[in-house]
Amino acid sequence: MPNQNIPPLKDPSLFKQNVAYVNGEWVKAKSGKTFEVQDPSTGKLIGTCPEFDKADTDNAIATAAAAFPSFRQTTARQRARMLHKWYQLMMDNQEDLAKLITWENGKPLADAKGEVAYAAGFFEWFSEEAPRADGDTIPASIPGNRVFTIKEPVGVCGLITPWNFPAAMITRKIGPAIAAGCTVVAKSPGETPFTSLALAELADRAGIPKGVVNVISALSNTAEVGEALTSSQTVRKVSFTGSTAVGKLLMKQSADTLKKLSFELGGNAPFIVFDDADLDIAVAGALASKFRSSGQTCVCANRIYIQEGIYDKFASAFAEKVKGFKVGGGYDEGVTHGPLIHDRAITKVDAHVRDAEKKGGKVIVGGNKMPKLGSNFFEPTVITGMNKNMQLASEETFGPVAGLFPFETEKEVVDMANSAEVGLAGYFFSRDLQRCYRVAEALETGMVGVNTGLISDPAAPFGGVKLSGFGREGSKYGMSEYQITKMVTLGGMGQPLQGSWVMRDIMYK
Ligand SMILES: NC(=O)c1ccc[n+]([C@@H]2O[C@H](COP(=O)([O-])OP(=O)(O)OC[C@H]3O[C@@H](n4cnc5c(N)ncnc54)[C@H](O)[C@@H]3O)[C@@H](O)[C@H]2O)c1
Ligand SMILES: O=CCCC(=O)O
C-alpha cells in the first residue's frame, strides 16, 4: 500500500470540506446530506462534500441568473483582467492544487503540476480572447440597409465535467464562459470535487463577482442534478465532458428547452505507425499518448496499429520502455504511473486483457492487477497479436493497456481506424509528406496528431465528430460556444425603396 499521507498544503484554506460555492458563499446542501470521497491509491477517506439535489441546484441556477444582467455589462477588458488574475493565482498555488489533484485523482505529482499549468492556461488564453470578441460588418443585399453582428453571452451555463482532469476540464469550460460574459453553475465530478472547490476559492480571491461562478457537488444525486441543469429554461447552454452514454441522455433532456450544447464525449483513438516512421519518435509518441494519466484520457491511443515491416522492432522497443515504468502512489518518489480511479475501471481493463488473451493475443508486459499496491492498481500492459474481434478493438479501454494490431496497407488501416462509432483523436507516424496530408484528411476524427502523441493545448481546438460529440474547446473557436451572434440590420441609409414591397423586387434592385 503506498504511503499516501497528503503532504501539508502551504495554504490549507484551499481544502474545502462539506461545502459548495454558491453566490460567493460556502454553503451546505439544504438536506444536510453529504457523500464521501476516497483516495484512489489507498481507499482512505479524503473528506465529505454536500449532496446537492434539485432544489439546491435550482437555487444555484437562480443565483447565476441574478448575477447575469450585471456581469454581461462588464467590459471584455474587465473580464480579461479577472481571468488573468485567476490564472496567476492558480500558478501561484500550483503546488497545492497539484497535491489536491494527486490526492483525489491519483496521478503522480509531477503530472498533476503539469495539469495545473495546462488548466491555468485556459484562463490565460481566454483572458486574451475576451477583448477580441469582434463582430462583422456585412455588405447588405438590400439597398439602404447596413448589416452588422455583435457577439453576446448566451446566458447561464450548466457545466458538467469528469474526474480524469479535475482542474483542466472545468477551466476549459469556465474560461470561455467568463470571457464571453456568461455566468455558470458547474457540477464537479463526484470522484474529484476538491480541486474544483479550491478553484472556486481562487475565483473569490480573483474578484469574480458573487454568483458568476457557482460550483456544486453531488454523487448519488448526480442524475437529478443533471436533469435540473438540462431541463431548466433559465440555463441556456450546457457543456458536458464525459461518456457518450451520458451525453446522449443529457441531449434528450435538453431537447424541450432547445439549449445550446457542447459535448466532449468518449474516444477510441487509432494510433498508426507506418513502416516509414521514425521508430524512436513513434515509440515516444505511443508511450505519451497511451499511458498519460494511466490511460485515462479521452484522447489516449486505444487501438495501436503497426505496419508489418516495423511491427517487431516497434513492439520490442515499446515494451522495453513500458517495463521501466514505476507504478505507485502519486506522492511517492520516482512513481511514473498512479492508480486507476476506481474498481469499475480495473474490472474493465482486466476484462479487455483476458478477452485479448482468450482470442490469441500475447501479453508481453504486465497484464495483471497489483493487489499488493491496492485494489485500484493495474500493471502497464503491452499485448501483441491483436485482432479486430477483440473487445479492445471496438471499446475504449480507459486504462494502461496497449494492444498492438498489425496491418499491411494504408487503405486497410484507414478503414479500420474509421470503423469506430466515435471520432475524437487519431494519431499517425510517417516521414512521407504526401501520406501525412492524405491520412490526416482521411481520418474521421476531430483531431489528428501527426508524428506526435501529445496534442492538448489551450491554443488548439479540442473536440470530436461522430459519437464523440460536437463543439470545440480552447482556441479561438472555444468562445463562440458561449456566445450568440446577433445580427442587426439598420435601414433608411440610402434612397427610399421604390415600387412594390415584394421581396424579389427589393433584393435585386
Ligand atoms: N472528450 C473529452 O474531452 C473527454 C474528456 C474526459 C473524459 N471523456 C470521456 O468520459 C468517459 C470517462 O468518464 P466517466 O466514466 O466518469 O464518464 P461519465 O459520463 O460517467 O461521467 C462524467 C461526468 O458526468 C457526470 N454524470 C454522470 N451521469 C450523469 C447524469 N445522468 N447527469 C448529469 N451528469 C452525469 C459524472 O458525475 C461526471 O461528473 C470516457 O468515455 C471518456 O472518453 C471525454
Ligand atoms: O480526457 C480528456 C481531455 C484530455 C486533454 O485535454 O488532453
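Each value, and the rule that gives it
Residues numbered from 1 in each chain as written. Chains lettered and ligands numbered in written order. Predicted model: local features only at pLDDT ≥ 70, side-chain atom pairs only at ≥ 80, totals over all residues. Heavy atoms only, no water. Core = buried A, V, L, I, M, F, W, Y, C linked by side-chain atoms within 4.5 Å. Buried < 20%, exposed > 50% of the residue type's maximum accessible area, 1.4 Å probe, protein only. Helix = DSSP H or I, 4+ residues; strand = E, 2+ residues; numbered from the N terminus. Contact = heavy atoms within 4.5 Å. Phe/Tyr/Trp six-rings, centres within 6.5 Å; stacked < 30°, edge-to-face > 60°. Lys NZ or Arg CZ within 6 Å of the ring centre and 35° of its normal. Near = heavy atom within 4 Å. Polar contact = N/O pair within 3.5 Å; in protein donor to acceptor, adjacent residues only side chain to side chain. Areas by Shrake-Rupley, 256 points an atom, 1.4 Å probe, with all protein chains shown as cover. Nonpolar A, V, L, I, M, F, W, Y, C, P; charged D, E, K, R; others polar. Expected span 1.5 Å × (residues − 1). UniProt positions renumbered as here; feature names shortened; annotations may be inferred. Axes fitted to C-alpha atoms, helices over the stretch in contact; angles between N-to-C directions. Parallel < 35°, antiparallel > 145°, perpendicular 65-115°, else oblique. Left-handed = near helix turned anticlockwise from the far one by under 90°. Pairing = 2+ DSSP bridges. Salt bridge = Lys/Arg side-chain N within 4 Å of Asp/Glu carboxyl O.

A. Representation of the nonpolar core in the model. Judged by nonpolar contacts, the single largest core of 62 residues is most densely connected at Trp86, Met90, Ile174, Ile208 and Val213. When residues of this core are assigned to their parent elements, the largest contribution, 9 residues, is made by helix 4 (residues 109-129). When near neighbours in sequence (up to four residues on either side) are disregarded, isoleucine 174 contacts Trp86, Phe123, Leu159, Val184 and Val213.

B. Expanded view of the packing of aromatic side chains. Throughout the structure, instances matching the rule amount to 16 aromatic pairs. Ring geometry for phenylalanine 314 versus phenylalanine 318: centroids 5.3 Å apart, planes at 20 degrees, classification stacked. Residue phenylalanine 314 and its partner phenylalanine 318 are both found in helix 10 (residues 308-323); the two are separated by 4 residues, about one turn of the helix. Taken individually, phenylalanine 314 and phenylalanine 318 each receive the classification buried, so the pair is uniform in this respect. Taken together through their ring pairs, the aromatic side chains of Phe291, Phe314, Phe318 and Phe325 make up a single cluster. Sitting above the plane of the phenylalanine 462 ring, arginine 172 keeps its charged end 3.9 Å from the centroid.

C. Quick look at the site of ligand 1. In the region of ligand 1, 27 residues are neighbours, and Thr161, Trp163, Ser243, Leu265 and Glu396 sit closest. Interatomic distance of 3.3 Å between a backbone N/O atom of glycine 242 and an oxygen atom of ligand 1. Within the backbone of glutamate 264, a nitrogen or oxygen atom sits 3.3 Å from a nitrogen atom of ligand 1. Here ligand 1 loses 86% of its free accessible area of 840 Å² to cover by the protein chains. Within the shell around ligand 1, the residues separate by chemical class into 14 nonpolar, 9 polar and 4 charged.

D. Focus on unusual backbone geometry. Positioned with a positive phi, asparagine 23 is a non-glycine residue whose angle comes to about 55 degrees. Within the secondary structure, asparagine 23 is located in the loop between strand 1 (20-22) and strand 2 (25-27). By relative accessible area, which is 33% here, asparagine 23 ends up partly exposed. Despite not being glycine, serine 475 has its phi angle at roughly 70 degrees, a positive value. With respect to the element layout, serine 475 can be found in the loop between strand 21 (469-470) and strand 22 (483-490). The class of serine 475 is buried, set by a relative accessible area of 2%.

E. How the structure looks around helix 6 (residues 193-205). In a regular helix each residue adds 1.5 Å, so 13 residues correspond to 18 Å; helix 6 covers 19 Å between its end C-alpha atoms and thus fits that length. Summarising burial for helix 6: 11 of the 13 residues are buried, a large majority. Among all positions of helix 6, only Pro193, Phe194, Thr195, Ser196, Leu197, Ala198, Leu199, Ala200, Glu201, Leu202 and Ala203 are buried. At the C-terminal side of helix 6, glycine 207 shows a positive phi close to 85 degrees.

F. Representation of the UniProt feature "domain: Aldehyde dehydrogenase" (unreviewed entry) in the protein chain. Residues given the UniProt feature "domain: Aldehyde dehydrogenase" (unreviewed entry) here are residues 26-488. Across residues 26-488 one finds 39% helix and 21% strand; the C-alpha atoms that close the span lie 42 Å apart.

G. Region of the structure containing the site of ligand 2. Around ligand 2, the neighbouring residues are Tyr118, Asn164, Phe165, Met169, Arg172, Arg292, Thr297, Cys298, Ser456 and Phe462. At 2.9 Å, a side-chain N or O of arginine 292 approaches an oxygen atom of ligand 2. The fraction of the free accessible surface of ligand 2 (240 Å²) that becomes covered by protein chains is 99%. Each residue belonging to the shell around ligand 2 can be placed in one class, and the counts come to 5 nonpolar, 3 polar and 2 charged.

H. Layout of the packing of helix 3 (residues 94-105) against helix 4. Direction vectors running N to C along helix 3 and helix 4 enclose 120 degrees, while the axes themselves pass 8 Å from each other. When the axis of helix 3 is compared with that of helix 4, the two are oblique. As for how helix 3 packs across helix 4, the hand of that crossing is right-handed. Seen from helix 3, the contacting residues are Gln94, Glu95, Leu97, Ala98, Lys99, Ile101 and Thr102; seen from helix 4, they are Leu109, Ala112, Lys113, Glu115, Val116 and Ala117.

I. Spatial organisation of the environment of phenylalanine 122. Its location among the elements puts phenylalanine 122 in helix 4. On the basis of relative accessibility, which here comes to 1%, the residue phenylalanine 122 falls in the buried class. Sequence spacing of phenylalanine 122 and isoleucine 170 is 48 residues, and the spatial spacing of their C-alpha atoms is 9.6 Å. Among residues more than four places away in sequence, those in contact with phenylalanine 122 are Ala168, Thr171, Arg172, Pro458 and Gly474.

J. Examining the sheet that holds strand 6 (residues 146-153) more closely. Within the open sheet, the 3 strands sit side by side as 5-6-22. Their pairing is antiparallel. Since the sheet does not close on itself, it has two edges, and those belong to strand 5 (137-138) and strand 22, each with one partner. The pairing of strand 6 with strand 22 spans 8 bridges and is antiparallel. The residue bridging isoleucine 150 from the neighbouring strand is lysine 486, located in strand 22.

K. Structural detail: the sheet that holds strand 12 (residues 269-273). Read across the open sheet, the 7 strands follow the order 14-15-16-13-12-18-19; overall the sheet is mixed. The open sheet is flanked by strand 14 (362-365) and strand 19 (447-450), the only strands paired with a single partner. Strand after strand, the sheet turns through a mean of 25 degrees between neighbouring axes, direction not considered. Of the strand pairs in this sheet, strand 12 and strand 13 (residues 301-307) are connected by 5 bridges, and their pairing is parallel. Each bridged residue has a counterpart across the sheet, and for proline 270 the counterpart in strand 13 is arginine 303. Lying over the sheet, helix 13 (residues 410-417) contacts strand 12, strand 13 and strand 16 (401-407), oriented at roughly 170 degrees with respect to strand 13. Its contacts with the sheet place helix 14 (residues 433-442) against strand 13, strand 18 (425-429) and strand 19, and it is angled at close to 160 degrees to strand 18.

L. Fine view of the pattern of salt bridges. One pass over the structure, following the stated rule, counts 20 salt bridges. Taking the shortest distance from any N to any O, the salt bridge between aspartate 11 and arginine 205 comes out at 2.9 Å. With aspartate 11 in the segment before strand 1 and arginine 205 in helix 6, this pair connects stretches of sequence that are 194 residues apart. With a relative accessible area of 30%, arginine 205 lands in the partly exposed category. Across the pair lysine 466 and glutamate 444 runs a salt bridge whose closest N-O atoms are separated by 2.7 Å. Taken together, the residues span a long stretch of sequence, with lysine 466 in strand 20 (residues 465-466) and glutamate 444 in the loop between helix 14 and strand 19 at a distance of 22 residues. Each of Asp11, Lys16, Glu201 and Arg205 takes part in a single network of salt bridges with overlapping partners.

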